[in-house]
Each structure stands twice: as structure tokens, then as C-alpha cells.
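Examination of the molecular architecture
So you can see what is in the structure, the chains are spelled out below.
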Amino acid sequence: MASRAQGEAEEQMEEAEDLQERDASAVSPAIEAPEVGPGDESLAEPLLLPWDRFSAWLHCICVVGFDLELGQAVEVIYPHHSKLTDKEVSVENIFSSSFADLCGEKCITVTCLSFQKTSICYLSFPDSNSGCLGDTQFCFRFRQAAGRKSSLGCFLEHFDRDAPVCLKRDQGHYYGYVYFRQVRDKSLKRGYFQKSLVLISKLPYVTFFHSLLKLIAPEYFEKQEPCLEAACNDIDRWPAPCPSRVLTLPIMGVVMKVRIPSCYDKPGMSQLVHSSENDSLVSIVLPSIHEVDLFRCFSPVFFHIQMLWELVLLGEALVVMAPSPAESSDTVLALVSCISPLRYCSDFRPYFTIHDSEFKEYTTRTQAPPSVILGVTNPFFAKTLQHWPHIIRIGDMKQMGEMAKQMKVKKLKNLKTLDSKPGVYSAYKPFLNRDEEIIKQLQKGIQQKRPSAAQNAILRRHFLELTQSFIIPLERYVASLMPLQKSISPWKSPPMLRPFSQDEFMKTLEKAGPQLTSRLKGDWIGLYRQFLKSPNFDGWFRNRWKEMTQKLEALHLEALCDEDLLLRIQKHTEVETVDLVLKLKDKLAQAEREQLPVKAGTLARLQNHIESVILTLPEDLQGILLKPSSP
């Protein structure tokens, strides 16, 4: 065990050296990913019904408009058969947020279909103070109604399996991607044309869906419903969003080319999409489907990025007060992604309004604020959330290349008026010292007019290395909880993982802690102690525990396949042989159901073993046991 630990420590140091050698903008080609287009059957997809392919990408498309008599209202839902619960889609939810705050008028509750139109309506329009003229894009996130299940569950889980943790489908929430247009129109009574096109999806592909909306929304505002129908039909011919695949996606006469990231990609390495003979038809190539511009988002509070990283890592209650939903949602998404590849496991709302169903839950003063990141624009929140421990107030986003002047963290008592200055309001004392090197590096980039994409890549690399330095000691310790492979016996239940011991883990940090890979000084021990109490640790550890448990099951299954079962049953009675067959069938069903990480061919070998054993039994039992299991 000592030699193994030493080897792992050396591997960790080598990994750190490798990280330091890489350039911030380094990329690796997606050479393993064949290109897939509409109708391509190279993926082993089940027989799909109409709209199943559409449902793999979107739940539905909504058009939210303003009615002088009814207030905000969902005007169109495509496909027409799409359903959300009353809580999810109530027209009042979708529109009141969008228009009530925008217009300052009282909305009438209208129930439309079975959508939670309430959530969607309120969230689809900017607050009245935002003053968003022209076109604005942003996103929101709302809870899925309890008990809702997708008929495509197993099909979609198959693709989720190989997705990075931060890009897996959100099981408890929907995302709403909004394209809002407000322009003067004297022909209308209100004098303004105000409408939002909203894509509702389980997928956190923010960059992709915003790009998709730029193609669909302007066309819709010109040509209305026939355009939506055509777009939905195009999407229903797309291949499924399979990780590591390069996809060509035709939409509205344009072809988009994207690559869905995989959990097997090297962290921090952008996967370039190779050009091919058919690329003359491709209009748009997206380098990323989900990443926001970290440098632009953090520019207003740049000197506090170290502290913000800690607050997000620890799952602290955090609110972003921004002048518009676009800046609010981008900043919240930037915060959530700054701890990648670690998944942010608490709730986050890129755009939150006073009409949200969780408004009372998240603003009550009778208990401590929950672990959640909220993005708000309504000035009312300056009072309502004044008791929150950490508040980021940002003004208009700086122009590309600019950076906010250095400011100290402000005390919360200074956040009393609606015209409080931009900054970070918190009494939090960071555990780690501020990294002056990254600040100097980016300031130098501004002086030298370094491209914004390069600045963003440098900052993203900084956060990645910081998070990896923090998580590697935990990964190494948790891996040591795994039993040795020689302890796995095919004729006994798989051995149990050793329990996680906080004290035992802390002892490993002295010789193999983050100091091996990070130049930052500070109270790392204190940061780990606080992290172990956080929702992010709980979510990460549950996921790792599940993975290791499944690995033990897979190793146990492989050990069974290596046994000579026919020799083994020679000493068995008929009853014992039948019992063995039933247990092996259960193991096979579990492996298929949970998609255990077994070696290629293992399940086929096990099936052959089962059939061979059954053939040694009397014919009447063979007939019973060889029957396929009922679904």
C-alpha cells in the first residue's frame, strides 16, 4: 500500500508539471469522433417515434407575448402536444415575470394547457428597470414538477452516461433560453412590439441554444408560426446529442456543426472540429456548446475572483445584482462554471424574479439563506436580500479589454440604497491568499491588447488548475478506499468500500496535499474542512461512491465470467443450479440496467455461461429458464 501511495503521489506531481507546461489556449482535435448528420444510423438508437429526436434536444418552444387585457401570455407552444404541469407552465408564471416587471402592470392569471406557464411567463421578459430595447438574450432555470418522467428516459440516459458531469441533463430542472425583442411600433396601442421566443430544455448547452435562437427568432418575428413549425421539423431530424460525436445540424436553411463534449476529454483541452469535404455546406461551427466568457463576466469584480471561487466551491448563498437579465444570467453561469470540472450541486437561478414560486423560500428571514446562487435585476431585491451574506453588485459590463479598478470588499451594511456602487459586499475572509500572478498576467494582456478569447482561456485555465489542485488529494484518498482486486471472489458478494474518514484524509494532506500542484499559500486545511460540509462535496462524493461501487460490481462480474461454471455445478444439486442461474440472470440484468463499466464482451460471455448451465438441467426447467424475462 505504501508503494502504491508513493506512486500516486509521483503521478500527481507529474500531472501538475504537465498542467504547467500546457498553453492556456491549447486545443486537441476531436479525432475520435466520426461526423454524424440527420438520419445517420451509425448510432445504435432504438426505434424512434415522431418528435422523439426533437425531445432529445428540447422539451418545447414557447412564444411569450403581451396582451393588453390578459397581461403576459403564452401565445404559441410547439410542438402542440408538448406538456408541462400547471405549476411548470402556467401562463401566469411565464408572462408575469416577463411583462409585469417590464410594464409595471398587473397581470391576470391564465392557465394554458398543462404548462407551468407561471414560471415561464415571468421569466421570459426583463424587469421594467432593465430598459432592454432591441434584441436581448438570456437564460433562466426553474424546477420540474415532482413525479414527471420522460418516456425517453432510458434512451436519453444512454447518452448522459458519457457526458461530463457539468453537461448531464438536469434531472430536477428545466432551462429556458430566451430571445426577447422590444422595438418601437406606433401601430400597436402600447407603442412597442414586445415578444420572447423561449426554448425549454433539460440540456445546459447555453452557447449552443443562444446560437440556435439567433437563427430562429429573427425569422419567427418576420414570418410567424410557419417558421416555428419548419424549425421543429428540422430539429426532429437531428441525431441525438451523443458525447464525443461531431454533429451537423441543419436548421432554417443553415447548417451548424458542433461537437458534444465527453467525460473522456482531457479537462481544459478544447476539442476542435475537423473540416471535411462537406463543410462547404456548413455555415456555423461552434467551438463550444456551453462555455460563457469568464473574463468578460468577471471583469466588474475581477480582483475578487479568488474569493468568489471559494464561495462557489463551498456552496455559499450568493446573489448577483445586475442591470439586465443578460448580464445576470451570464455572471451566474460563469460562477457555476468556475469550479469545473467539479459540478456545482446546489441550486442556481441565472435570472430570478419576485414572481418565482421559490421567492418566499429563498427570501425568508426566519432561517439562514439556502445554498443557492441567484441572479436578479429588480431593485426590490436590494432590500429583500439585504440579509444575504454575499452580494455581488455589477454595473454595465465593461467593454472587451477593460477591467474594473481595484476595490476592497465592501461591508454588507453599506448595501442600503438602490444606488449602491458596484462591488462585492461580504464579511467573508478567504482561506487562501490572492493569486497576484493571474491578475498581473491578465492586466498585461489588456495593455498588450491580447484577444479577448485568449484572456478568457487564461482565466479558465487558472480556475481549472486551482480546482484540480484542490480535488486531486480527495480523488487520491477516495481511490484508496477501494478494496484490492485480489479480494474479489466470484463466489462471495463484492467487498464493501472503506468508509470516508475526515481525520484520515486530513493526515494525507501534509505530504500529498494541494501544495504539490498549486503555488497558492493559505489555510488549505480550513478550506477542506469547510468543503466537507458543503453540498458540493456531498454531490461529488455520492457520484464517486456510485462509480466505485459499480466498478466493484463490474470486477465481480468479470471474475464470474472467468470461472468454469460447468465444472462448478457438477457438485451442485438441481435446486442449487437453478438458484445459480437465477442469480446470474439478476447480475446480468443489473449490469445492463446500470450500464456497469465491464470489459467488452463480458455480458455476452455471461449470457453464454447462463445458457450452458441451463442446458445441463432437465428439459422442463430448460423451457422455463430459457424464456426471456418479461419487461
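Residues numbered from 1 in each chain as written. Predicted model: local features only at pLDDT ≥ 70, side-chain atom pairs only at ≥ 80, totals over all residues. Heavy atoms only, no water.

The protein appears in an unreviewed UniProt entry as DENN/MADD domain containing 6Aa from Scleropages formosus.

1. A closer look at the overall build of the protein
Formally: Helix numbering and strand numbering both begin at the N terminus, where a helix is a DSSP run of H or I of at least 4 residues and a strand a DSSP run of E of at least 2. Burial status follows relative accessibility: with a 1.4 Å probe on protein chains alone, a residue under 20% of its type maximum counts as buried, one over 50% as exposed, and anything between as partly exposed. Each accessible area is a Shrake-Rupley result for a 1.4 Å probe, and residues are judged covered by the shown protein chains and nothing else.
The secondary structure content of the protein amounts to 22 helices and 16 strands. Residue burial in the protein is summarised as follows: out of 631 residues, 53% are buried. Per element, the accessible surface of the protein, about 29,700 Å² overall, is 53% carbon and sulfur.

2. Quick word on unusual backbone geometry
Cis geometry is adopted by the peptide bond preceding Pro79, which originates at Tyr78 and carries an omega value of -10°. Mapped onto the secondary structure, Pro79 falls in the loop between β4 (71–78) and α3 (86–89). The amide bond that connects Ser340 to the next residue, Pro341, takes the cis arrangement and shows omega of 15°. Examined against the element boundaries, Pro341 turns out to sit in the loop between α11 (325–337) and β13 (347–349). Positioned with a positive phi, Gln224 is a non-glycine residue whose angle comes to about 65°. Note on placement: Gln224 falls in the loop between α7 (206–223) and α8 (225–235). Not every positive phi belongs to a glycine, and Met252 is a case in point at roughly 55°. Looking at where Met252 falls in the secondary structure, it is placed in the loop between β8 (246–251) and β9 (254–259). Residue class for Met252 comes out partly exposed when judged on its relative accessible area of 22%.

3. Brief notes about the pairing of strand β14 (residues 372–376)
The following threshold applies: Strands were regarded as paired on the criterion that DSSP finds at least two bridges between them.
When you tally the buried positions in β14, you get 5 out of 5 residues, the bulk of the element. Going residue by residue along β14, you find Val372, Leu374 and Val376 tucked away on one face and Ile373 and Gly375 tucked away on the opposite face as well. The pairing of β13 with β14 spans 3 bridges and is parallel. By the bridge assignment, Arg349 is partnered in β14 with Leu374.

4. Here's the deal with α11
The line we're drawing: Expected span, for any helix, means 1.5 Å times one less than how many residues it has.
The end-to-end C-alpha distance of α11 is 18 Å, a good match for the 18 Å that 13 residues give at a rise of 1.5 Å each. The buried count for α11 comes to 12 of 13 residues, which makes it a mostly enclosed element. Those residues of α11 that sit buried are Pro325, Ala326, Glu327, Ser328, Ser329, Asp330, Thr331, Val332, Leu333, Ala334, Leu335 and Val336.

5. Describing the environment of Asp127
Along the chain, the position of Asp127 falls in the loop between α5 (117–123) and β5 (134–143). Sequence separation between Asp127 and Pro323 is 196 residues; the distance between their C-alpha atoms is 9.2 Å.

6. Let's talk about the pattern of salt bridges
Spelled out, the test is: When a carboxyl oxygen of Asp or Glu is within 4 Å of a side-chain nitrogen of Lys or Arg, the pair counts as a salt bridge.
Across all of its chains, the model carries 24 salt bridges by this definition. Residue Arg349 pairs with Asp347 through a salt bridge whose shortest N-O separation is 3.0 Å. Asp347 shares its class with Arg349; the two are buried. The residue Arg542 makes a salt bridge to Asp538 at a minimum N-O spacing of 2.9 Å.

7. Regarding the sheet that holds strand β3 (residues 60–67)
So the rule is basically this: For helices, the axis comes from a line fit to the C-alpha atoms of the stretch in contact; other axes are also lines fit to C-alpha atoms, and the angle between any two N-to-C directions lies between 0 and 180 degrees. Contact definition: two residues touch when any of their heavy atoms are within 4.5 Å.
Read across the sheet, 5 strands follow the order β4-β3-β7-β6-β5 without closing on themselves; strand pairing throughout is antiparallel. Pairing within the sheet leaves two strands with one partner each, and these edge strands are β4 and β5. Within the sheet, the average angular offset between the axes of one strand and its neighbour, ignoring direction, is 25°. Alignment of β3 against β4, held across 7 bridges, turns out to be antiparallel. In the sheet register, Gly65 faces β4, and the bridge partner there is Ala73. Relative to the sheet, α7 contacts β3, β4, β5, β6 (173–184) and β7 (192–201), its axis offset from that of β6 by approximately 40°. The sheet strands contacting α8 are β3, β4 and β7, and the helix crosses β4 at an angle near 45°.

8. Some details on the packing of helix α18 (residues 535–561) against helix α21 (residues 602–614)
The criterion, for reference: Here is the rule for angles: anything less than 35 degrees is roughly parallel, anything more than 145 is roughly antiparallel, 65 through 115 is roughly perpendicular, and the remaining ranges are oblique. Here a crossing is taken to be left-handed if its near helix is turned anticlockwise relative to the far helix by less than a right angle, and right-handed if that turn runs clockwise. Side-chain classes are defined by residue name, with Ala, Val, Leu, Ile, Met, Phe, Trp, Tyr, Cys and Pro counting as nonpolar, Asp, Glu, Lys and Arg as charged, and the others, Gly among them, as polar.
One can describe the packing of α18 onto α21 by two numbers: an axis separation of 9 Å at closest approach and a directional angle of 45°. The pairing of α18 with α21 is recorded here as oblique in orientation. Seen along the crossing, α18 lies across α21 with a hand that is left-handed. On α21, the residues touching Leu557, Glu558, Leu560 and Cys561 of α18 are Thr602, Leu603, Arg605, Leu606 and His609. The class makeup of the residues in the contact of α18 with α21 is 5 nonpolar, 2 polar and 2 charged.

9. Notes on the packing of aromatic side chains
The following threshold applies: Classification of ring pairs rests on two measures: the distance between centres of Phe, Tyr or Trp rings, Trp counted by its six-membered ring, which must be within 6.5 Å, and the angle between planes, read as stacked under 30 degrees, edge-to-face over 60 and tilted in between. Definition used: whenever NZ (Lys) or CZ (Arg) falls within 6 Å of the ring centre and also within 35 degrees of the ring normal, the charge is taken to sit over that ring.
Scanning the model with the defined rule gives 38 aromatic pairs in all. For the pair Phe359 and Phe381, a centre-to-centre distance of 6.0 Å together with 70° between the ring planes defines the contact as edge-to-face. Of this pair, Phe359 sits in helix α12 (residues 359–363) while Phe381 sits in helix α13 (residues 381–384); the two residues are 22 residues apart in sequence, bridging distant segments of the chain. Neither Phe359 nor Phe381 differs from the other in exposure class; each is buried. When the ring of Tyr477 is compared with that of Phe505, the centres are 5.7 Å apart and the planes differ by 55°; the resulting orientation is tilted. Highlighted residues: Tyr477 in helix α15 (residues 452–479) and Phe505 in helix α16 (residues 502–512), separated in sequence by 28 residues. Residue classification places Tyr477 among the buried positions, given a relative accessible area of 4%. Phe505 gets classed as buried once you look at its relative accessible area, which sits at 0%. An aromatic cluster is present here, built from Trp309, Phe470, Tyr477, Phe500, Phe505, Tyr528, Phe531, Phe537, Trp540, Phe541 and Trp545 joined pairwise through their rings. The cationic tip of Arg141 hangs over the ring face of Phe348; the distance from NZ or CZ to the ring centre is 4.0 Å.

10. Observations concerning the confidence of the model for the protein
Stated formally: One number per residue, pLDDT, summarises how confident the predictor is, and it ranges from 0 to 100.
The share of residues in the protein with pLDDT of 70 or more is 78%, and the mean pLDDT across the chain is 81. No element of the protein has a lower mean pLDDT than strand β1 (residues 27–29), at 33, and none a higher one than helix α17 (residues 524–531), at 97. In the model, residues 1–33 has pLDDT below 50 throughout and makes 55 contacts with residues more than four positions away in sequence or in other chains.

11. Thoughts on the nonpolar core
The condition that has to hold: Here, the term nonpolar core denotes a set of buried Ala, Val, Leu, Ile, Met, Phe, Trp, Tyr and Cys residues that are joined through side-chain atoms within 4.5 Å.
Counting 109 residues, the largest nonpolar core has Trp57, Phe208, Leu212, Phe298, Trp309 and Leu474 as its most contacted members. With 10 residues, the single largest contributor to this core is α7. In this view, Leu474 contacts Phe500, Phe505, Tyr528, Phe531, Leu532, Phe537 and Trp540; residues no more than four positions away in its chain are not counted. In terms of nonpolar packing, the next biggest core, distinct from the first, is built from 20 residues, Leu580, Leu596, Val613 and Leu621 among them.

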